[in-house]
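Now for the letters of each chain:
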Amino acid sequence: QMKRFNSSPLLQLLDAVLYDRKRSNEKNWAFAKVLDEEVYVASYSVQLKACLRRAVLAYYRDSHYNVLRLVLAIVVSLIFASTFAHVEVNEESELRNAFGLIFMSSLYYGVVNMMAVLPVVSEERASYYRERSSLMYRASPYAISYTINELPYLAASCIVFTLIFYFTVGLRWNATLYLWYLLFFFLFTAAMTFFGQLLVVATPTQQTAQAVGSFLLNIFNLFAGFMITPNNIPDYAIFAYWLAPSHYMLEGLIVTQYHDDNTKIRLDIGGTTTAEGYVDFFFGGEFEYSHRIYDAVVLAALVGIFRVLFFLSLKYLNWAKR
């Protein structure tokens with residue numbers, strides 16, 4: 001009977017029907033993939049709401065990461081502030097130390113946030129790849145939701161850090177100056193945090209992200225404008241100065257804090273100048289108060305660029321493939 005069925009016209013007709021149906025399904029699926037519309041059952045708004053809910057719950061449940069950031073903000077600010085608590089700045093060396101303290105404390109906290117976020121995003125990346133392969137949501141609502149959820153935690157930790165550091169060190173008690181300080185500190189910390197997230201999704205492993213991040217941080221540190229002042233950076237390396245986020249952070253913090261500061265500073269070579277005048281002298285005239293808006297805009301733009309690259313890496317890279 002099987003031989004008779006295998007040679008019968010009925011089997012040929014059945015094979016033809018199944019073949020046509022298979023071809024039709026393949027064409028419909030390919031068409032949906034090209035349009036990128038019918039692949040996802042849920043609408044974009046539903047995907048965004050689901051990702052936002054997931055991000056909120058993930059950050060709420062990951063108390064170790066968020067508590068650690070808050071504790072580090074308190075501890076690091078106290079350590080740095082205690083080295084310069086209410087020191088009277090009258091000598092050139094003391095003012096240079098103040099510049100270094102502002103630079104190193106801001107840089108260090110940005111680095112801490114960048115390194116702390118690497119294992120968190122690395123764990124999330126694995127589940128994202130799994131859920132993306134199941135077509136649960138697009139890359140953009142995922143990236144947007146984690147950006148929105150990250151900002152309040154960043155703002156809270158930066159406020160805690162700056163409140164302790166700013167007033168313990170004895171910088172000028174002025175609301176406008178403090179808000180300028182908080183703005184540049186927050187933008188730089190956000191840029192470093194999002195840069196760390198970008199490294200995790202743009203590189204194969206967390207270890208690779210740490211290696212690349214450490215190398216780039218050394219470049220940022222060296223060419224920020226403090227260790228090598230802008231006028232002493234060789235022409236062939238000046239591009240690193242303009243690319244370093246720490247350059248814009250340092251300039252913004254220094255020029256806003258010491259603008260119109262007429263405190264008399266005794267120079268090592270003799271004579272006196274004002275604190276504002278010494279800023280111009282030390283940085284070779286490259287750091288100007290008029291650059292403060294430009295510096296803030298560049299830092300904000302870097303935050304946006306890092307998030308766009310984060311989204312593109314999520315969309316087009318998949319390191320889970322074997």
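Up top is the structure.
Since the model is a prediction, treat every value here as computed from it, not as a measurement. (Residues numbered from 1 in each chain as written. Predicted model: local features only at pLDDT ≥ 70, side-chain atom pairs only at ≥ 80, totals over all residues. Heavy atoms only, no water.)

Asker: How would you explain the overall build of the protein if you had to name every residue and give the values?
Answerer: Broken down by element type, the protein carries twelve helices and two strands. When the helices and strands of the protein are listed from N to C terminus, the series reads α-α-α-α-α-α-α-α-α-α-β-β-α-α. Put simply, the protein has 322 residues, and 44% of those count as buried. Looking at the protein alone, contacts between residues at least 24 apart form 80% of all its contacts between residues at least 6 apart. Of the roughly 17000 Å² that the protein leaves accessible, carbon and sulfur atoms contribute 64%. (Helix = DSSP H or I, 4+ residues; strand = E, 2+ residues; numbered from the N terminus. Buried < 20%, exposed > 50% of the residue type's maximum accessible area, 1.4 Å probe, protein only. Contact = heavy atoms within 4.5 Å. Areas by Shrake-Rupley, 256 points an atom, 1.4 Å probe, with all protein chains shown as cover.)

Asker: Please provide a residue-by-residue account of the side chain of Glu92, values included.
Answerer: By secondary structure assignment, the location of Glu92 is in helix H5 (residues 92–133). Looking at Glu92, its side chain comes within polar contact range of the side chain of Tyr278, at 2.9 Å. Residues within four places of Glu92 in sequence aside, it is in contact with Ile265, Arg266, Leu267, Asp268, Tyr278 and Phe281. (Polar contact = N/O pair within 3.5 Å; in protein donor to acceptor, adjacent residues only side chain to side chain.)

Asker: If you had to explain the packing of aromatic side chains to someone new, which residues and values would you point to?
Answerer: How two aromatic rings sit relative to each other is given by the distance of their centres and the angle of their planes. The final tally for this structure, using the stated rule, is 34 aromatic pairs. Residues Tyr166 and Tyr181 carry aromatic rings whose centres are separated by 5.5 Å and whose planes lie at 70 degrees to one another, so their mutual orientation is edge-to-face. Taken as a pair, Tyr166 in helix H6 (residues 139–169) and Tyr181 in helix H7 (residues 175–202) lie far apart in primary sequence, 15 residues in all. The residues Tyr166 and Tyr181 share a single accessibility class, namely buried. Ring geometry for Phe167 and Trp173: centres 4.9 Å apart, planes at 65 degrees, overall edge-to-face. Judged by its relative accessible area of 64%, Trp173 falls in the exposed class. Members of the aromatic cluster, joined through ring pairs, are Phe99, Phe103, Phe226, Tyr258, Tyr278, Phe281, Phe282, Phe283 and Phe287. The side chain of Arg307 reaches across the aromatic face of Phe310, ending 4.3 Å from its centre. Over the aromatic face of Tyr316 sits the side chain of Lys315, whose NZ or CZ is 5.6 Å from the ring centroid. (Phe/Tyr/Trp six-rings, centres within 6.5 Å; stacked < 30°, edge-to-face > 60°. Lys NZ or Arg CZ within 6 Å of the ring centre and 35° of its normal.)

Asker: I'd like to hear about the nonpolar core, residue by residue, with values.
Answerer: Of all hydrophobic cores here, the largest spans 88 residues; its most connected members are Phe99 and Tyr258. If one sorts the elements of this core by residue count, H7 sits on top with 18 residues. Among all residues touching Phe99, those that are not within four sequence positions of it are Phe226, Ile254, Tyr258, Tyr278, Val279, Phe282 and Phe283. (Core = buried A, V, L, I, M, F, W, Y, C linked by side-chain atoms within 4.5 Å.)

Asker: Help me get a handle on helix H12 (residues 292–316), residues and values and all.
Answerer: Compared with an ideal rise of 1.5 Å per residue, which puts 25 residues at 36 Å, H12 spans 36 Å between its outermost C-alpha atoms and is within 8% of the ideal. When H12 is considered as a whole, its buried residues turn out to be Arg292, Asp295, Ala296, Val298, Leu299, Leu302, Val303, Phe306, Arg307, Phe310, Ser313 and Leu314. Contact partners of the buried residues in H12: H5, H6, H7 and helix H10 (245–257). (Expected span 1.5 Å × (residues − 1).)

Asker: Break down the pattern of salt bridges for me, with residues and values.
Answerer: Applying the stated rule across the entire model yields six salt bridges. The salt bridge involving Arg54 is made with Glu131; its shortest N-O contact spans 2.1 Å. With Arg54 in helix H3 (residues 44–61) and Glu131 in helix H5, the pair connects residues that are 77 residues apart, well separated along the chain. The class for Glu131 is buried, based on a relative accessible area of 17%. Its salt-bridge partner being Arg266, residue Glu91 comes within 2.5 Å of it at the nearest N-O pair. With Glu91 in the loop between helix H4 (63–82) and H5 and Arg266 in strand S1 (residues 264–266), this residue pair connects regions lying 175 residues apart in the sequence. (Salt bridge = Lys/Arg side-chain N within 4 Å of Asp/Glu carboxyl O.)

Asker: Any details on the environment of Thr193? Residues and values, ideally.
Answerer: Following the sequence through the fold, Thr193 ends up in helix H7. Ignoring anything within four residues of it in the chain, the contact list for Thr193 reads Asn113, Met114, Val117, Glu150 and Leu154.

Asker: Can you lay out the side chain of Asn66 for me, pointing to particular residues and giving the numbers?
Answerer: Turning to its location among the elements, Asn66 is positioned in helix H4. Look at Asn66 and you get buried, because its relative accessible area is 13%. Of the polar contacts made by the side chain of Asn66, one reaches the backbone oxygen of Tyr59; its length is 2.6 Å. A distance of 3.0 Å separates the side chain of Asn66 from the side chain of Arg69, its partner in a polar contact. Excluding its chain neighbours within four sequence positions, the residues that come into contact with Asn66 are Tyr59 and Tyr153.

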